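# Chains, contacts and geometry: an overview
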Amino acid sequence: MAFSGHTTPQVVINSTANANPYTGTITVGGPSDLVVLFVHGWTPGSGGEVPTGWTVTLDGSAITPTDHASSSAVSNGVAIYELTGLSAGSHALSVAYPAAGRACQALAWVISGHDATTPVANRAISTTYTSDVAARGYSTTTSRDGNVILSMVSVRRSIVTSEFSLSGGTLIGADATPGGSDTNDVTMAYGYHEVPTAGSV
């Protein structure tokens, strides 16, 4: 069975409100689907940016990240969550920080056709918090044919889609939080890369 869902992620939360919690819904086709959820948080206050201190729930049940990174210097954090076994239909997502947040973005891929035994082969987060860079990248080695790499970049600025490019993959799009301000908004850009033959990517 071929992969599907990797070309059409769901923008679940895209808010620059001073809020707590931030909420949205994820729509799932059935229990065999894999949900890969990326969350980007901008949080004021000491330690609020660390994802292990966030309260992230799906249908009221807490979920924990499989990987995360954060910086107190810019009060930003990112986290990856992976879920299986969800029933078909809409599921309520809630993201709450230890104090009122400044912005939140959540992007969900709902994937079918994956390996049920090892649905996610590996994961990685690459960061630059306190200096401007023109590009962010990473490399990985796939161990079997037919893998798909899902990517999201989070930026503490308002950026339009045309300013992004994705080398070695397909850029799907970008979403900035409403407001259009470089000081008050954040942006996520996202895409995928199909890897037909195992090896270094």
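Please read all numbers here as calculations on a predicted model, not as lab measurements.

For the rest of this paragraph, the subject is the sheet that holds strand β5 (residues 61–62). The sheet built from 4 strands is open, its strands ordered β2-β8-β4-β5 with antiparallel pairing. Looking along the sheet, the strands with just one partner apiece sit at the ends: β2 (22–28) and β5. Sheet topology note: the strand β4 (residues 55–58)/β5 ladder contains 2 bridges and is antiparallel. Each residue of the ladder has a partner; that of leucine 58, found in β5, is serine 61.

Okay, the pairing of β2 next. Burial of the side chains of β2 is restricted to one face: Tyr22, Gly24, Ile26 and Val28 are buried, whereas none of Thr23, Thr25 and Thr27 on the reverse face is. Here β2 runs beside strand β8 (residues 89–96); their pairing, made up of 7 bridges, is antiparallel. Paired with tyrosine 22 across the two strands is valine 95, which belongs to β8.

Between asparagine 20 and the following residue, proline 21, the backbone shows a cis peptide bond with an omega angle of 5°. Structurally, proline 21 is set in the loop between β1 (10–15) and β2. Positive phi, close to 55°, is recorded for serine 75, a residue that is not glycine. Topologically, serine 75 is positioned in the loop between β6 (67–71) and β7 (76–84).

Rules used in this analysis
Residues numbered from 1 in each chain as written. Predicted model: local features only at pLDDT ≥ 70, side-chain atom pairs only at ≥ 80, totals over all residues. Heavy atoms only, no water. Pairing = 2+ DSSP bridges. Helix = DSSP H or I, 4+ residues; strand = E, 2+ residues; numbered from the N terminus. Buried < 20%, exposed > 50% of the residue type's maximum accessible area, 1.4 Å probe, protein only.

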